[in-house]
Structure formats: C-alpha cells, structure tokens
Amino acid sequence: MVRTYCRAVSGLREDHGDPDAAVLADHAPDGVLTLTFNRPERRNGWAEDMEQGYYDLLVRAAADPDVRAVVVTGAGSTFCPGADLSRLGGLGAEGARLPHKPVDVPRQFPKPLIAAINGGCAGVGLVQALFCHVRFAADTARFSTAFARRGLIAEYGVAWTLQRLVGVENAMDLLLSGRTVDAAEAKELGLVSRVVPRADVLGAAQAYAGDLARNCSPRAMAVIAGQVLADQEGSFDEALERSYIHADRFIGSADLREGVASFLEKRPPRFAPLGSRESTLRAP
Ligand SMILES: C/C=C/C(=O)SCCNC(=O)CCNC(=O)[C@H](O)C(C)(C)COP(=O)(O)OP(=O)(O)OC[C@H]1O[C@@H](n2cnc3c(N)ncnc32)[C@H](O)[C@@H]1OP(=O)(O)O
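Residues numbered from 1 in each chain as written. Predicted model: local features only at pLDDT ≥ 70, side-chain atom pairs only at ≥ 80, totals over all residues. Heavy atoms only, no water.

By the naming in an unreviewed UniProt entry, the protein chain goes by Enoyl-CoA hydratase and is assigned to Pseudonocardia xinjiangensis. In the Sequence similarities (unreviewed entry) part of its UniProt record, the protein chain is described as follows: "Belongs to the enoyl-CoA hydratase/isomerase family." (UniProt positions renumbered as here; feature names shortened; annotations may be inferred.)

> Teacher, can you tell me more about the nonpolar core here?
When a protein is soluble and globular, its nonpolar side chains tend to lie buried together. Core analysis: the biggest nonpolar cluster contains 64 residues, and Y54, V70, I117 and F143 have the highest contact counts within it. At 8 residues, the largest contribution of residues to this core is made by helix α2 (residues 48–63). Once residues within four sequence positions are removed from consideration, I117 is found in contact with F79, A129, R135, F136, A137, A138, A141, F143, V192 and V201. (Core = buried A, V, L, I, M, F, W, Y, C linked by side-chain atoms within 4.5 Å. Buried < 20%, exposed > 50% of the residue type's maximum accessible area, 1.4 Å probe, protein only. Helix = DSSP H or I, 4+ residues; strand = E, 2+ residues; numbered from the N terminus. Contact = heavy atoms within 4.5 Å.)

> Explain unusual backbone geometry here, please?
Most peptide bonds take the trans configuration, and most residues that are not glycine carry a negative phi. A positive phi angle, close to 60 degrees, is found at R43, a residue other than glycine. Its place among the elements puts R43 in the loop between β2 (32–37) and α2. By relative accessible area, R43 is classed as exposed at 52%. A positive phi is found at N44, a non-glycine position, where the angle reads about 60 degrees. Among the residues examined, N44 registers a relative accessible area of 0% and is labelled buried.

> Got a minute to help me understand the layout of surface pockets in this structure?
Space left empty within the atom packing is revealed by a probe, the size of a water molecule, rolled over the atoms. Of the volumes computed, that of the second largest pocket is approximately 500 Å³. Elements with a contribution of two residues or more to the lining of the second largest pocket: α4 (123–131), β7 (134–138), α5 (158–166), α8 (201–215) and α9 (218–230). Among the elements that take part in the lining of the second largest pocket, α9 stands out by supplying 5 residues, more than any other. Residues belonging to the lining of the second largest pocket are distributed by class as follows: 15 nonpolar, 3 polar and 4 charged. (1 Å grid on protein atoms, 1.4 Å probe; cavity = no way out; pocket = protein on both sides within 12 Å on 5 of 7 lines; lining within 4 Å. Points joined across faces, edges and corners; volume = space filled by probe spheres on them. Nonpolar A, V, L, I, M, F, W, Y, C, P; charged D, E, K, R; others polar.)

> Would you explain the site of the ligand in this entry?
By nearness alone, 20 residues border the ligand, and R43, P81, A83, R142 and R150 come closest of all. With respect to the ligand, the backbone of A83 contributes an N or O atom lying 2.9 Å from a nitrogen atom. Protein coverage of the free-state accessible area of the ligand, which is 990 Å², stands at 67%. When contributions to the shell around the ligand are tallied by element, the ones reaching two or more residues are β6 (120–122) and α4. For the shell around the ligand, the element with the most residues is β6, which contributes 3 residues. Looking at the shell around the ligand residue by residue, the class counts come to 10 nonpolar, 4 polar and 6 charged. (Near = heavy atom within 4 Å. Polar contact = N/O pair within 3.5 Å; in protein donor to acceptor, adjacent residues only side chain to side chain. Areas by Shrake-Rupley, 256 points an atom, 1.4 Å probe, with all protein chains shown as cover.)

> I keep staring at empty space enclosed by the protein and nothing clicks. Help me out?
Applying the stated criterion across every chain, the model contains 1 cavity of 30 Å³ or more. Counted as a void, the largest cavity has a volume near 30 Å³. L126, F143, S144, T145, L174, R179, V181 and L191 together form the lining of the largest cavity. Residue composition of the lining of the largest cavity, grouped by class: 5 nonpolar, 2 polar and 1 charged.

> Is there a simple way to think about helix α11 (residues 254–264) in this case?
Residues of α11 that are buried include every one of D255, E258, A261 and S262, and no others. Seen along its axis, α11 keeps its buried residues to an arc of 135 degrees; they face one direction. Relative to its buried face, α11 has exposed residues pointing more than 90 degrees away, namely R257, F263 and L264. K266 sits one or two positions beyond α11 and adopts a positive phi of about 50 degrees. (Arc of directions from axis to C-beta.)

Take a look at the structure:
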C-alpha cells in the first residue's frame, strides 16, 4: 500500500504532497522513492499532468542525494494502460502537432529505475515500463503495445526499445498486432524480468531497489546503466574501449576501496550518494 510522504525530496512536498496528484511520491528512509501513477478513476490512463508530474519527479529524484533508487507502480488495478482513451480520440483534432515527448528523462535516469507492474500496461504505459532498468510484473498483469489497434504508430521510439529487448521478430509481432500478452508470456519474451503474485509485486520491487540502494555504488550503477544504453550501438571493441575508460576512473576510487573493505570487514558498504553535481538530467 502506498504511504503518504515521509520525507520531502528537494521541495517535492510543496508540489506533490497532494494525495490527488497525478503521480504520488513516497520516499522511504532506505533511499527508495516510490512513484505511483495515480488516476485510478481513469485506470491511470496517461495524460499531460501525469507525464509532467512523472518527469518532474524523476528530474528532482536524479538530483537528490537522498534518493538511491526509484520504484514506479500504479494505483488500483492497473499500472498504466496507455493514453486515457476518454481523451485520446480528440487530441490534435484541429491538425495541431502534438509536442515532442521528453523521453530522455526516464531513458537517461542515472539511478536504478524499477517498474512494479501491478496490472494493465499498454501503449505509452508500456513505453514507460520499458524505459525502466528492471521490470517486476504481477502474475495478473496484461500487456499490449496497442498503438496499431488505436490507429497510431510506434510512439516514443518504442520500435527501437522493443526490438532490442525481444528481438526484431517478436517486436514486429507485438507492434503490428497490438495483441494482449499475459505475464507468463511477457516473461518468456523478455519483456519483464520477474513475475510474482499480484499482492507481492510492489514489495518485491521495493525490496530489490532497497538492496541496490544499500549495497551498490550509486556512481558505478549510473555508469553501468549508461554503458548498457551506449553499448546497444556499435561494436564490441567500442564497448570494450568505453569500459577501459570508465574503469580507469574507478580503479583507486573511494567507491572501490569501500566496496572491497565492506566485503572484507563483513559490514554494509557506505558509498557516497549521487547528487545534483553528477546528474545531467534537465527538466523537460
Ligand atoms: C500517445 C500515446 C498513445 C497510446 O498510449 S495509445 C494506446 C492506448 N491504450 C490502449 O489502447 C490500451 C487499451 N487497454 C487494453 O488493451 C487492456 O485494458 C490492457 C491490455 C491494458 C489490460 O487488459 P485487462 O487486464 O484485461 O483489462 P481490461 O478489462 O481491458 O481493462 C480494465 C478497465 O480499464 C479500462 N481501460 C483500459 N485501458 C484504458 C485506457 N487506456 N484508458 C482508460 N481506461 C482504460 C477498461 O475500459 C476497463 O474498464 P471497465 O472495467 O470499466 O470496463
């Protein structure tokens, strides 16, 4: 169950302390920030205030040294089933161009971003889940790209993201058909990392995020997440070269000394947090 705020995140309390906000934030003492899509009366259908609230919270979380990992979930029975269908049909009716979406905010997020997919996940909701680094799904969750069924194209760069996760053939299948996939098939395809009973999904994702927050170097995780993205392009030699460049910065670092000392001394590590100086995320 989502608690109300227990700590402010860079002044977020003032902006997002409202229990009716489109995205709720709950910052636990272990450094895990849980963000909850919160339009349960519209099944968490994606709308401008949800997008703005979510990206705004991510930008602030990136800059806040007290936030070490973020879990994203949905209020009620769905995660996010894509654009709110009570509004989507009317968008751009007068030929207006829709604004380009600031997808770099979730894509470049420098701290672990973990999805707890508690239910229906489709369209732009699936896109947001795929931007997360790791996905936990409820055994009852159902997935669909949905775009073609709604008369839309593969939005938010999802044709790129999806084919790298599930391969070209599966991406074609899922995007062309928009068919509904259950949690077991989503796991088989590689769309999600873990499937757990519905009641456990948020707790499992938070426990995983808490482990990362307590035990892994924030700087190392930021670099690793960037490496995985960068290495989706180019050759192995380029990836190897990048890894040498990063490794040179980490050999002899305080994080390496602490990671080794904590293991040898059989105690939890005390890694320095990642704060605003290192965060390159800019508000959309
Ligand atoms: C720019 C961005 C564009 C886009 O994102 S385009 C894509 C828009 N999204 C969709 O077209 C997806 C439509 N929904 C579905 O395909 C399915 O749902 C799911 C696969 C996500 C989940 O399936 P299941 O678990 O079987 O749920 P259920 O019974 O279909 O839906 C539960 C309730 O949720 C409502 N609902 C579903 N999607 C939306 C939505 N996108 N906006 C508003 N409401 C939605 C339904 O109507 C229903 O409601 P009730 O129980 O009252 O009949």
